[in-house]
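Coordinates in review
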Amino acid sequence: MALYSEKVMDHFRNPRNVGVIEDANAIGEVGNAKCGDIMKMYLKIENDIVTDVKFETFGCGSAIASSSMATELIKGQPLSEVRKLTNRAVSEALDGLPDYKMHCSVLAEEAIQAALEDYEKRTGVTV
Ligand code: FES
């Protein structure tokens, strides 16, 4: 079996939603101290729905694929669903990651949760 699924390779080669949202109202940035990878998520939230999301990831292929898939999973979703997103859901949507690459999907979960915390701080709303 190939080390990486076709979905991982697809999202690594053609990442969705790369970039910056200038008027984002929720931004989350996280890093992994061990590998040095950094992920930043920009969310545009309107009426409790993620209407747009973009990311910048300085990291490995699995981190890029995880960020890309995570943005696809949360786009158009209500915040209550976004709050429940786990790294496992991201990795399953990618048809799996090798065990030693699971931490890359954790970065995507953490970046999105950090963005939600930022949104809570900015608005006083509890997600
Ligand atoms: Fe660090 Fe993938 S090796 S996020």
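To start, this report covers the structure provided alongside it. (Residues numbered from 1 in each chain as written. Predicted model: local features only at pLDDT ≥ 70, side-chain atom pairs only at ≥ 80, totals over all residues. Heavy atoms only, no water.)

To continue, consider the packing of helix 1 (residues 6-13) against helix 2 (residues 61-74). With their axes 8 Å apart at the nearest point, helix 1 and helix 2 run at an angle of 90° to one another. One finds that helix 1 runs roughly perpendicular with respect to helix 2. Only Gly61, Ile64, Ala65, Ser68, Met69 and Glu72 of helix 2 make contact with helix 1, whose side of the interface consists of Lys7, Val8, His11 and Phe12. Class assignment of the residues belonging to the contact of helix 1 with helix 2 gives a composition of 5 nonpolar, 3 polar and 2 charged. (Axes fitted to C-alpha atoms, helices over the stretch in contact; angles between N-to-C directions. Helix = DSSP H or I, 4+ residues; strand = E, 2+ residues; numbered from the N terminus. Parallel < 35°, antiparallel > 145°, perpendicular 65-115°, else oblique. Contact = heavy atoms within 4.5 Å. Nonpolar A, V, L, I, M, F, W, Y, C, P; charged D, E, K, R; others polar.)

Before going further, it helps to examine the pairing of strand 1 (residues 26-31). For a regular strand, side chains alternate in direction, first toward one face of the sheet and then toward the other. Here strand 1 shows a clear split, with Ala26, Gly28 and Val30 buried on one side and none of Ile27, Glu29 and Gly31 buried on the other. Of the strand pairs in this sheet, strand 1 and strand 2 (residues 38-46) are connected by 6 bridges, and their pairing is antiparallel. Bridging across to strand 2, Ala26 finds its partner in Leu43. Taking the residues between adjacent antiparallel strands as the criterion, strand 1 and strand 2 are bridged by 6 residues, where Gly36 takes a positive phi near 85°. (Buried < 20%, exposed > 50% of the residue type's maximum accessible area, 1.4 Å probe, protein only. Pairing = 2+ DSSP bridges.)

Where helix 2 contacts helix 5 (residues 102-123), the axes come no closer than 8 Å and their chain directions differ by 40°. It follows that helix 2 is oblique to helix 5 by the angle criterion. The way helix 2 lies across helix 5 gives a crossing that is right-handed. Where helix 2 approaches helix 5, its residues Ser62, Ala63, Ser66, Ser67, Ala70 and Ile74 are matched on the opposing element by Cys104, Ser105, Ala108 and Ile112. Residues belonging to the contact of helix 2 with helix 5 are distributed by class as follows: 6 nonpolar, 4 polar and no charged. (Left-handed = near helix turned anticlockwise from the far one by under 90°.)

This brings us to the sheet that holds strand 2. Here we have 3 strands laid out as an open sheet, ordered 1-2-3, and antiparallel in their pairing. Looking at strand neighbours, the two that pair on one side only are strand 1 and strand 3 (49-58), the edges of this open sheet. Across the sheet, the mean angle separating the axes of adjacent strands is 15° when strand polarity is ignored. Two strands pair when backbone bridges link them, and strand 2 and strand 3 are joined in this way by 9 bridges, in the antiparallel orientation. Along strand 3, the bridge assignment pairs Tyr42 with Lys54. Helix-sheet contacts for helix 2 involve strand 2 and strand 3, and the interaxial angle to strand 3 is about 175°.

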